Amino acid sequence: MLKPGAMPAGVEEGYEAVCTRIGVEPRSEGWALWNTWSDGELKVTMVVSAVETTEGLIQNWSRGRAIDPVAPLPSQIALVRRDWIGPMTFSPRAVSRMGLNGEPLSWTIDAKGQWS
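Residues numbered from 1 in each chain as written. Predicted model: local features only at pLDDT ≥ 70, side-chain atom pairs only at ≥ 80, totals over all residues. Heavy atoms only, no water.

K.L.:
Any details on helix 1 (residues 15-22)? Residues and values, ideally.
P.N.:
Turn by turn, an α-helix covers 3.6 residues, leaving residues three or four places apart pointing in a common direction. Within helix 1, burial applies to Y15, V18, C19 and I22. Down the axis of helix 1, the sector holding all buried residues measures 100°, keeping them to one side. Looking at the buried side of helix 1, the elements it contacts are strand 1 (32-37), strand 2 (43-48) and strand 3 (77-82). (Buried < 20%, exposed > 50% of the residue type's maximum accessible area, 1.4 Å probe, protein only. Helix = DSSP H or I, 4+ residues; strand = E, 2+ residues; numbered from the N terminus. Arc of directions from axis to C-beta. Contact = heavy atoms within 4.5 Å.)

K.L.:
How would you sum up the pattern of salt bridges? Please name residues and give values.
P.N.:
Counted under the stated rule, the structure contains 3 salt bridges. The partner of E55 in a salt bridge is K3, and the shortest N-O contact between them spans 2.6 Å. Note that E55 is positioned in helix 2 (residues 51-62) and K3 in the segment before helix 1, a separation of 52 residues in sequence. Among the residues examined, E55 registers a relative accessible area of 26% and is labelled partly exposed. (Salt bridge = Lys/Arg side-chain N within 4 Å of Asp/Glu carboxyl O.)

K.L.:
Break down the nonpolar core for me, citing the residues and quoting the values.
P.N.:
With 11 residues, the main nonpolar core is built from L2, V11, Y15, V18, C19, I22, V24, W31, L33, V47 and I85. The leading source of residues in this core is helix 1, at 4 residues. If you look at the next biggest cluster of nonpolar residues, it comprises 7 residues, including M46, V48, A50 and L57. (Core = buried A, V, L, I, M, F, W, Y, C linked by side-chain atoms within 4.5 Å.)

K.L.:
Report on the sheet that holds strand 1, specifying residues and quantitative values.
P.N.:
In spatial order, the strands read 1-2-3; together these 3 strands make up an open sheet with antiparallel pairing. The open sheet has two free edges, formed respectively by strand 1 and strand 3, since each of these has just one partner strand. Along the sheet, successive strands turn relative to each other by an average axial angle of 25°, direction set aside. With 6 bridges connecting them, strand 1 and strand 2 associate as antiparallel partners. Among the inter-strand pairings, L33 is bridged to a residue of strand 2, identified as V47. (Pairing = 2+ DSSP bridges. Axes fitted to C-alpha atoms, helices over the stretch in contact; angles between N-to-C directions.)

K.L.:
Tell me about the packing of aromatic side chains, and please be specific about residues and values.
P.N.:
Following the criterion strictly, the structure yields 1 aromatic pair and no others. Between the aromatic rings of W37 and W84, the centroid separation amounts to 5.2 Å while the plane-to-plane angle is 75°, which identifies the pairing as edge-to-face. Of this pair, W37 sits in strand 1 while W84 is found in the loop between strand 3 and helix 3 (92-98), placing the two residues 47 residues apart along the sequence. Residue classification places W84 among the buried positions, given a relative accessible area of 10%. The cationic tip of R27 hangs over the ring face of W31; the distance from NZ or CZ to the ring centre is 4.5 Å. The aromatic ring of W84 is capped on one face by K43, whose charged end is 4.7 Å from the ring centroid. (Phe/Tyr/Trp six-rings, centres within 6.5 Å; stacked < 30°, edge-to-face > 60°. Lys NZ or Arg CZ within 6 Å of the ring centre and 35° of its normal.)

So this is what it looks like as structure tokens:
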């Protein structure tokens, strides 16, 4: 989640600077980043306006409810970028798919606007 005044832990830059790096205009509501796979297994990030929906999904996951989103509506997708950007909260299905076993991960942003 990217929001004015409430950036993810470990992100040193402000909201407007991160929006510029990603390639979207800052919005007062913020943006949700949906990291997923394309049909060809390419890692992609969708920058979507469905902030409240995304917050609800994350709250369910934190309570052990393995609810998977279908997909955002096309009108909610502002941008699709190759590779993942984040920090990320993995869905229970993604944790299983990636073999993470719930291990904590930390992410930082590089000079190209990518998270690593």
